[in-house]
Amino acid sequence: MTAIKNWHKAFSIYAQPCVVRMAFLGFSAGLPYLLVFSTLSAWLRDEGITNTTIGFFSWVGVTYSFKVFLAPVVDRLPLPWLTRTFGKRRSWMLLAQLGIAAGLFAMSRTDIHQHLELCALLAVWVALCSASQDIAIDAYRIESAVTDYQGAMAATYVLGYRIALLLAGAGAFYLADFFSWPVAYIVMACTMLVGFVTTLAISEPEHPPVTPIFKPPTPGQNLWQRGLSTVSEAVFSPFIEFFQRNGKTGLLILLLIALYKMSDITMGVMANPFYLDLGFKKTEIADVSKIFGFFMTIAGAALGGLLTANYGIMRPLLLGSVMIASTNILFAVLAVNQPDLMLLAAVISADNLSGGLAGSVFIAYLSSMTSTAYTATQYALFTSLMILPAQLLAGFSGVIVDHYGYPAFFVYTALLGLPAIGLVSLLLFRQRGGR
């Protein structure tokens, strides 16, 4: 009976307003991602662009690793009129959302064959605005609720994020198939209104006072001294505080963050080109990989939130790392078999279930590692570390496929998940009192 009450309490957390609103902000954060990543890869492949070029295009995603440099600006720099009117976090959300919509619209008006470089630059712009929005939303999420709600908020954030991925994936594929890729990107630009309206509707969270680690600037200092003091507090203090709190274990934590999503991100670059090269139609890919896979992702995210509420973070984090690596092997099996929609559905279901679970638990883990005194900068450091190594490695995905084939590529991505499994195991052992 006690167990039933505990599970009922765990489910009731999803009705909290602070948890529900994260679904809409997650939608706004998730919409641009595929449009400069795998959906863009499909557009390029559909236009006859080589796999090698598509692989290098994935380096657009490296822009998301610039969060570590953008975060001190988002954390400290007030925007004229916007910050005074909407507050510290919402002002940056609104500015970023307008930038994303403008960039997507400009991409829709660009000729891929004649202006491929311009398309790449616009994709970088969208990714830069998207990264800025992520920083503001992540800070808002951490500052707007207590730690006990962070797991559930991560799950609803993933829900909204995945709905956006469904729209930017399956929705874009349908629109491209029935109309054209430019029409699809125009529609996606208009859909950013969801994030814009949500940001206007929510309230600004309270911001805890920050105790400076460095000596704050004084009126008697010159401009250079005041600037140096401000930069030191904004840029270096978040990193110093993190290591003060975690000691030498902080290095293991940062290494885990850098490796946890490497297997998943590297595989994701070539997923849509892989489906197309197998001979599946765009509508079939949308039906199976986007819509059917979507529900499995949501199930995985919800399960991750419940497991976190009942068992803490580290054990579900280990489970997620094992599942991500294991499911990549299934893509190698798919690659050596004749195209079959049922097999495709089974493989994608397993992949999305594991990705949803690992994603929500990992967000909760990153949030638990963040100090509310330096929310945006520390969380941006974590997400930059998560993205940068994986995106740099993912840039060579097309080269590996072109030279060794898809089966070898998917086995390779599965092996990339082994270091993360080892690091989570080590941190879990230390947490339990091991040496």
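Owing to the predicted nature of the structure, the values given are computational and were not obtained by experimental measurement.

Caption draft 1: Structural view of the overall build of the chain. On a plain count of helices and strands, the chain comes out with 22 helices and zero strands. Burial status across the chain gives 57% buried among its 435 residues. Put simply, 83% of the contacts in the chain that link residues at least 6 apart link residues at least 24 apart. Working note: accessible area of the chain is about 18,300 Å², and carbon and sulfur atoms make up 69% of it.

Caption draft 2: Examining the nonpolar core more closely. Judged by nonpolar contacts, the single largest core of 136 residues is most densely connected at L40, L104, M107, L256, F274, L317 and Y365. Top contributing element to this core by residue count: helix α9 (residues 150–178), with 14 residues. Those residues in contact with M107 that sit more than four places away from it in its chain are L35, L40, W43, C119, L122, A123, V126 and Y185.

Caption draft 3: Examining unusual backbone geometry more closely. Look at W81: it is not a glycine, yet its phi comes out positive at around 65°. With respect to the helices and strands, the residue W81 is situated in the loop between α5 (67–76) and α6 (82–86).

Caption draft 4: Structural detail: α5. Burial of α5 is extensive: seven of the 10 residues sit out of reach of the surface. Here α5 has its buried residues at K67, V68, L70, A71, P72, V74 and D75.

Caption draft 5: Main features of the packing of helix α14 (residues 262–269) against helix α17 (residues 314–335). At a closest axis distance of 9 Å, the pairing of α14 and α17 adopts a crossing angle of 25°. Judged on the interaxial angle alone, α17 and α14 are roughly parallel. The element α14 and its partner α17 pack so that their crossing is left-handed. Residues S263, D264 and M267 of α14 pack against I324, A325, N328 and F331 of α17. Residues of the contact of α14 with α17, tallied by class, amount to four nonpolar, two polar and one charged.

Caption draft 6: Focus on a nonpolar patch on the surface. Taken together, the side chains of F56, W59, L388, L392 and F396 make up a nonpolar region of the molecular surface, amounting to roughly 430 Å² of accessible area. Assignment of secondary structure puts W59 in the loop between α4 (51–57) and α5. Looking at W59, the relative accessible area reads 33%, which means it is partly exposed.

Caption draft 7: Local environment of helix α21 (residues 406–415). The complete set of buried residues in α21 reads Y406, F409, F410, T413 and A414. Buried residues in α21, looked at end-on, bunch into an arc of 140°, giving them a common side. The inward-facing, buried residues of α21 contact α4, α14, α15 (271–278), α17, α20 (397–404) and α22 (418–431).

Caption draft 8: Just the pattern of salt bridges, in detail. Enumeration according to the criterion identifies five salt bridges in this entry. Linking R45 and D277 is a salt bridge whose minimum nitrogen-to-oxygen distance equals 3.5 Å. Residue R45 is found in helix α3 (residues 38–46), and its partner D277 is found in helix α15; the two are separated by 232 residues along the sequence. Close ionic contact of E241 with R245 constitutes a salt bridge, the shortest N to O distance being 2.9 Å. Within this pair, E241 and its partner R245 are both found in helix α12 (residues 223–246), separated by four residues, close to a single helical turn.

Caption draft 9: Representation of the packing of aromatic side chains. Per the stated rule, a full pass over the model turns up 17 aromatic pairs. Judged by centre distance (6.4 Å) and plane angle (20°), the rings of F362 and Y365 are stacked. With F362 and Y365 both in helix α18 (residues 341–368), this residue pair falls three residues apart, about one helical turn. There is no split in this pair, since F362 and Y365 are both buried. The rings of F274, Y275, F331, Y406, F409, F410 and Y412 are connected pair by pair, giving a single aromatic cluster.

Caption draft 10: Main features of the packing of helix α13 (residues 249–260) against α22. Taken N-terminus to C-terminus, the directions of α13 and α22 make an angle of 150°; their axes are 9 Å apart at the nearest point. When you trace α13 past α22, the crossing you get is left-handed. Along its contact with α13, which presents T249, L252, I253, L255, L256, L259 and Y260, the element α22 presents P419, A420, L423, V424, L426, L427 and R430. For the contact of α13 with α22, the class distribution of residues is 12 nonpolar, one polar and one charged.

Caption draft 11: Structural detail: the side chain of T297. Here T297 shows up in helix α16 (residues 282–311). Among the polar contacts made by the side chain of T297, one reaches the side chain of N352 at a distance of 2.7 Å. Discounting chain neighbours no more than four positions away, the residues touching T297 are R162, N352, L353 and G356.

Caption draft 12: A look at the side chain of D138. Structurally, D138 is set in helix α8 (residues 116–143). Ignoring sequence-local partners within four residues, the contact set of D138 consists of Y157, T375, Y379 and T383.

Caption draft 13: Fine view of the environment of L40. When you line up the elements, L40 lands in helix α3. As a C-alpha pair, L40 and A123 span 83 residues in sequence and 8.9 Å in three-dimensional space. If we skip the residues at most four places from it in the chain, L40 touches L34, L35, F57, M107, C119, A123 and Y185.

Caption draft 14: The arrangement of the environment of G103 in detail. Among the secondary structure elements, G103 is positioned in helix α7 (residues 88–108). Residue class for G103 comes out buried when judged on its relative accessible area of 2%. Distance from G103 to Y185, taken between C-alpha atoms, is 9.8 Å for residues 82 residues apart in sequence.

Quick notes on the rules
- Residues numbered from 1 in each chain as written.
- Predicted model: local features only at pLDDT ≥ 70, side-chain atom pairs only at ≥ 80, totals over all residues.
- Heavy atoms only, no water.
- Helix = DSSP H or I, 4+ residues; strand = E, 2+ residues; numbered from the N terminus.
- Buried < 20%, exposed > 50% of the residue type's maximum accessible area, 1.4 Å probe, protein only.
- Contact = heavy atoms within 4.5 Å.
- Areas by Shrake-Rupley, 256 points an atom, 1.4 Å probe, with all protein chains shown as cover.
- Core = buried A, V, L, I, M, F, W, Y, C linked by side-chain atoms within 4.5 Å.
- Axes fitted to C-alpha atoms, helices over the stretch in contact; angles between N-to-C directions.
- Parallel < 35°, antiparallel > 145°, perpendicular 65-115°, else oblique.
- Left-handed = near helix turned anticlockwise from the far one by under 90°.
- Nonpolar A, V, L, I, M, F, W, Y, C, P; charged D, E, K, R; others polar.
- Patch = residues over 30% accessible without salt bridge, like charges linked within 9 Å, V, L, I, M, F, W, Y side chains within 5 Å.
- Salt bridge = Lys/Arg side-chain N within 4 Å of Asp/Glu carboxyl O.
- Arc of directions from axis to C-beta.
- Phe/Tyr/Trp six-rings, centres within 6.5 Å; stacked < 30°, edge-to-face > 60°.
- Polar contact = N/O pair within 3.5 Å; in protein donor to acceptor, adjacent residues only side chain to side chain.

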